Amino acid sequence: MGTAHRKVRERRARKQAIQVAAVGVFAEKGFSRATMEDIARQAEVSVGTIYLYYRSKEDLYVSLVFESMQRMTEAIEKIMASGLRPDRQLKRLWDYFYDYHARYPQSYRVLVFLQQPGLTSGIAPKTLQEINVRSARNFSLVSHIVAAAIAKGIYRPHEPREVVDLLWSLFLGLVHLSETRKNLGVTISTLKDLHRKAFAWLEEGLRAR
């Protein structure tokens, strides 16, 4: 039994190492230029070892995307089931964005990769459709939170999906700004401070007078 458990742990650790390496390689080279050899070298395993877990580079990338999206879906659904007022649900979701980035930086970067030029040329149309479906589901769930706040008169009438688009775009922009400043050695405002203030400013515009 001990040997079996050890093998499971080793397999899990190896898979995680491959995933971490893949995220780094995709970030550096982009999806289209990255190779399984690059990922194997970064993970310090053989290419054959990677193929024990993933059928192809596309399969590896898509598994990372789906895992990240599923983690986000579960968090949103948990917040929606909390019984909190919808505006408090939205605030809790905003806080989750920050926690998600801090706790799962690799998963966050995987989601950001979807904006890379040339990504779609290396992924099958059916797989891209599934990515769109899963992404749309998360946006739709958050839109329901915003719509509920509008229905209760907490927020002024807005198009819920546009609010969600702005919310997610705002967070992406804050992370990008924070990481750029960090790379340049500039210390002005931390991501945590910007994150806190940004939601307060945004919600001020949403709330009914």
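Above this text is the structure in question.
Residues numbered from 1 in each chain as written. Predicted model: local features only at pLDDT ≥ 70, side-chain atom pairs only at ≥ 80, totals over all residues. Heavy atoms only, no water.

Student: I would appreciate a short explanation of the environment of R33 in the present structure.
Tutor: Topologically, R33 is positioned in helix 1 (residues 2-33). Its relative accessible area of 56% is what places R33 among the exposed residues. For R33, the side chain forms a polar contact with the main-chain oxygen of K29, separated by 3.3 Å. (Helix = DSSP H or I, 4+ residues; strand = E, 2+ residues; numbered from the N terminus. Buried < 20%, exposed > 50% of the residue type's maximum accessible area, 1.4 Å probe, protein only. Polar contact = N/O pair within 3.5 Å; in protein donor to acceptor, adjacent residues only side chain to side chain.)

Student: Help me understand a nonpolar patch on the surface, please; the structure alone is not making it clear to me.
Tutor: Taken together, the side chains of L184, V186 and I188 make up a nonpolar region of the molecular surface, amounting to roughly 310 Å² of accessible area. Residue placement: I188 occurs in the loop between helix 8 (160-184) and helix 9 (191-206). Look at I188 and you get exposed, because its relative accessible area is 60%. (Patch = residues over 30% accessible without salt bridge, like charges linked within 9 Å, V, L, I, M, F, W, Y side chains within 5 Å. Areas by Shrake-Rupley, 256 points an atom, 1.4 Å probe, with all protein chains shown as cover. Salt bridge = Lys/Arg side-chain N within 4 Å of Asp/Glu carboxyl O.)

Student: Would you take a moment to explain the pattern of salt bridges for this structure?
Tutor: Should the charged atoms of two oppositely charged side chains come close, the side chains can pair. Inspection of the entire model under this criterion finds 14 salt bridges. One salt bridge in this structure joins R161 and D165, with 3.0 Å as the shortest N-O distance. Placement of both R161 and D165 in helix 8 is noted, with a separation of 4 residues, approximately one turn of the helix. The residue D193 makes a salt bridge to R196 at a minimum N-O spacing of 3.9 Å. Remark: R196 and D193 occur in helix 9; sequence separation between them is 3 residues, near one turn of the helix. According to the relative accessible area criterion, D193 is partly exposed, its value standing at 31%. Among the charged side chains, a salt-bridge network with shared partners connects R85, D87, R88, E203 and R207.

Student: Would you explain the packing of helix 5 (residues 86-103) against helix 7 (residues 125-151) in this entry?
Tutor: For any two helices packed against each other, one specifies the crossing angle of their axes together with the interaxial distance. Where helix 5 contacts helix 7, the two axes come as close as 8 Å, and the packing angle between them is 145 degrees. As for the relative orientation of helix 5 and helix 7, their crossing is left-handed in sense. Contact residues: P86, D87, Q89, L90 and L93 in helix 5; V142, I145, V146, A148 and A149 in helix 7. Across the contact of helix 5 with helix 7, the residue classes break down as 8 nonpolar, 1 polar and 1 charged. (Axes fitted to C-alpha atoms, helices over the stretch in contact; angles between N-to-C directions. Left-handed = near helix turned anticlockwise from the far one by under 90°. Contact = heavy atoms within 4.5 Å. Nonpolar A, V, L, I, M, F, W, Y, C, P; charged D, E, K, R; others polar.)

Student: I keep staring at the packing of aromatic side chains and nothing clicks. Help me out?
Tutor: Aromatic rings considered in pairs are described by the distance between their centres and by the relative angle of their planes. Applying the stated criterion to the full structure yields 10 aromatic pairs. Judged by centre distance (5.0 Å) and plane angle (70 degrees), the ring pair of F97 and W168 falls under edge-to-face. Note that F97 is positioned in helix 5 and W168 in helix 8, a separation of 71 residues in sequence. W168 matches F97 in its accessibility class, with the two residues each being buried. Connected via pairs of aromatic rings, a cluster forms that spans W94, F97, Y108, W168, F171 and F199. Over the aromatic face of Y104 sits the side chain of R71, whose NZ or CZ is 4.0 Å from the ring centroid. Lying across the ring of F66, R134 places its NZ or CZ 3.7 Å from the centre. (Phe/Tyr/Trp six-rings, centres within 6.5 Å; stacked < 30°, edge-to-face > 60°. Lys NZ or Arg CZ within 6 Å of the ring centre and 35° of its normal.)

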